[in-house]
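Per-entry structural report
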Amino acid sequence: MTNPGFSQKFYQNLGKLFFAIAASDRAVKKEEIDALRNLVKQQWASVDEYQDQFGTDSAYQIEIIFDWLEENRQDAALAFEEFRDFKKAHEKLFPPEINYLILKTADAIATSFAGKNKSELIMLSKLKSIL
């Protein structure tokens, strides 16, 4: 699906969201990172045709931001709030098929390591309410 409204900022905010899901229990597991990387490669990279200045698919901004937030031990709740604020300001970037893919990715991250725990369930519930 090609949509000129997609941008690096869109993918960066998805990175914040997916980090928030993975870090909601204060620990990002290898399985969560692997689930994210697989879905970026298999699903998100084909969403549009945008590339960064280096010729890399813009969807990989999801991983770049996720990794940066993890390395810098950022707060999951703050990352979630930043995504929520971005979504409110850019509703047109979130048609039903993108919302479905967001929920699918968030759910895969949450279930990748021993199922969903309480903090992940709460974060997923908040996500569903804003999408």
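Above this note sits the structure.
What you see is a predicted model; the values in this text were computed from it and never measured. (Residues numbered from 1 in each chain as written. Predicted model: local features only at pLDDT ≥ 70, side-chain atom pairs only at ≥ 80, totals over all residues. Heavy atoms only, no water.)

Let us now look at unusual backbone geometry. Residues other than glycine seldom take positive phi values, yet Arg-26 does so here, at roughly 70°. In this fold, Arg-26 is placed in the loop between helix H1 (8-23) and helix H2 (30-42). With phi around 50°, Arg-73 is a residue other than glycine that occupies positive phi space. The topology assignment puts Arg-73 in the loop between helix H3 (61-71) and helix H4 (76-89). A residue is classified by how much of its surface remains accessible, and Arg-73, at 73% relative accessible area, is exposed. (Helix = DSSP H or I, 4+ residues; strand = E, 2+ residues; numbered from the N terminus. Buried < 20%, exposed > 50% of the residue type's maximum accessible area, 1.4 Å probe, protein only.)

Turning our eyes to something else, we now look at H3. Taken as a whole, H3 has its buried residues at Gln-61, Ile-62, Glu-63, Ile-65, Phe-66, Asp-67 and Leu-69. Taken together, the buried residues of H3 touch H1, H2 and H4. Two residues or fewer past H3, Arg-73 is found with a positive phi of approximately 50°. (Contact = heavy atoms within 4.5 Å.)

Counting 36 residues, the largest nonpolar core has Phe-10, Leu-14, Phe-18, Trp-44 and Ile-102 as the members making the most contacts within it. Breaking this core down by element, the ones donating at least two residues are H1, H2, H3, H4, helix H5 (96-111) and helix H6 (118-130). It is H1 that contributes the most residues to this core, ten residues altogether. For Ile-102, the contacting residues outside a window of four places in its chain are Leu-14, Leu-17, Phe-18, Trp-44, Phe-83, Phe-94, Leu-127 and Leu-131. (Core = buried A, V, L, I, M, F, W, Y, C linked by side-chain atoms within 4.5 Å.)

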